[in-house]
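Working through the structure, step by step
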Amino acid sequence: MLKPRRVGCFRFLCWSLSYLAKTKTSSRAKRGDLGNLNLIKYKALLSAIFLFHINILHAQTHPVNKLLLETYGTHDLAEKPAFQGGYINFGYWKNIPLGKTITTEERIKASQDLYQLVFDHLNIQKEDSIVEVGCGRGNGCVEVAEKYHPVSITGVDIIPQQTNRAKRIHKKFIKRHASSLSFQTGSSSSLPFSDNSQTKIFSIEAAQCFPSMKGFAEEAWRVLQPGGRLVVTAHFATNEAGYQALRELIPTVDQGVDLLIPIEQVRSAFQEVGFKEVSFQSIGEDVFEGLQKWRLNVQDVKWAENYFVSYKKGFLDYYLIVLEK
Ligand SMILES: C[S@@+](CC[C@H](N)C(=O)[O-])C[C@H]1O[C@@H](n2cnc3c(N)ncnc32)[C@H](O)[C@@H]1O
């Protein structure tokens, strides 16, 4: 896939050419050269075709599904009662008692515990340069900066509103960790970092949306230093039959928001680019039940009910994957 800088240069070149074509033709027209009218039309048509293709090229490089843009951009999913504290994840409920009414603090703790689970597997050191892909509002990146003080922690998200929100909400922390904490707009298939520049990458409940797992695997491989670690946690179909069932049960699958591809496709995407699998775990048991209880608490079950049903039927699971370059 083309890198944004190359596409940017190409776009600039095309715009310049079409601008030149337009100015040349209009100056001839001003001179009253009516014989050139067909040439003017021809050049205008050429420019239109050119620009049309350039826009397609741009959309292919940064493909953002319209509904994804609405869900995380305009509508800000974090504001739904299913989510609390600015996190947008199902949560890891292992250490939270589920036999009673769940408090808001416990709901937030479940989201934080999912992050902590990933941090523990990342084995974060002060010397690390870390990237989170799909950082949402950026709470997790702030936690990394505050708890571990690495050389750098950069939150990347495909939705510009998310990175803008993260910058606005965490202004105080960005100031406090001025040399290390930052947020950038970018996609899983086009990470804004140079080759071998990072020691750790993680992604929490975002990979289910990635349009190309191979694209993400290749980018993570490119950006990580040899020996670097990648930790991914998200929900996926348990197999092909599960995937077909999910297409019926969860509308956002066919809408291109939560792609929920079969887990074997995820594993092979990483294996094919050369990642070594350090560990691979199903953690659905500690995710879906707690989430379901919380949803019943807050009466926000309509859109989410089918995740629990799908897990119970064996179509869907939540995974924690630890890889090394
Ligand atoms: C469910 S939210 C999780 C946010 C955060 N990790 C958390 O746990 O609170 C998924 C996030 O991934 C982002 N995202 C989706 N597809 C992406 C992609 N291809 N590249 C980068 N970010 C993406 C979305 O914009 C959204 O902010």
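Residues numbered from 1 in each chain as written. Predicted model: local features only at pLDDT ≥ 70, side-chain atom pairs only at ≥ 80, totals over all residues. Heavy atoms only, no water.

With that settled, consider helix α11 (residues 263–273). For α11, the set of buried residues is I263, V266, R267, A269, F270 and V273. Mapping the buried residues of α11 onto a view down its axis gives an arc of 155 degrees, with all of them on the same face. Where α11 is buried, its residues contact α8 (213–223), β5 (224–237), β6 (276–282) and β7 (316–324). Phi turns positive one or two residues past the end of α11, at G274, with a value near 115 degrees. (Buried < 20%, exposed > 50% of the residue type's maximum accessible area, 1.4 Å probe, protein only. Helix = DSSP H or I, 4+ residues; strand = E, 2+ residues; numbered from the N terminus. Arc of directions from axis to C-beta. Contact = heavy atoms within 4.5 Å.)

It is worth spelling out the site of the ligand at this point. Looking at the ligand, there are 23 residues lining it, with I88, G134, D157, S188 and I204 nearest. Here D157 contributes a side-chain N or O atom positioned 2.6 Å from an oxygen atom of the ligand. Within the backbone of I204, a nitrogen or oxygen atom sits 2.9 Å from a nitrogen atom of the ligand. Within the complex, 99% of the 590 Å² of free accessible area of the ligand lies under protein. Partitioning the shell around the ligand into residue classes produces 13 nonpolar, seven polar and three charged. (Near = heavy atom within 4 Å. Polar contact = N/O pair within 3.5 Å; in protein donor to acceptor, adjacent residues only side chain to side chain. Areas by Shrake-Rupley, 256 points an atom, 1.4 Å probe, with all protein chains shown as cover. Nonpolar A, V, L, I, M, F, W, Y, C, P; charged D, E, K, R; others polar.)

Let us look at the packing of helix α12 (residues 288–298) against helix α13 (residues 305–312). Packing of α12 against α13 brings their axes to within 10 Å, and their N-to-C directions diverge by 150 degrees. Classified by the angle between their axes, α12 and α13 sit roughly antiparallel to one another. Classified by chirality, the crossing of α13 by α12 is left-handed. Side by side, α12 and α13 meet where F288, E289, Q292 and R295 of the first sit next to E305, Y307, F308 and Y311 of the second. Looking at the contact of α12 with α13, its residues break down into four nonpolar, one polar and three charged. (Axes fitted to C-alpha atoms, helices over the stretch in contact; angles between N-to-C directions. Parallel < 35°, antiparallel > 145°, perpendicular 65-115°, else oblique. Left-handed = near helix turned anticlockwise from the far one by under 90°.)

The quantities given are spatial measurements derived from coordinates; they are silent on function.
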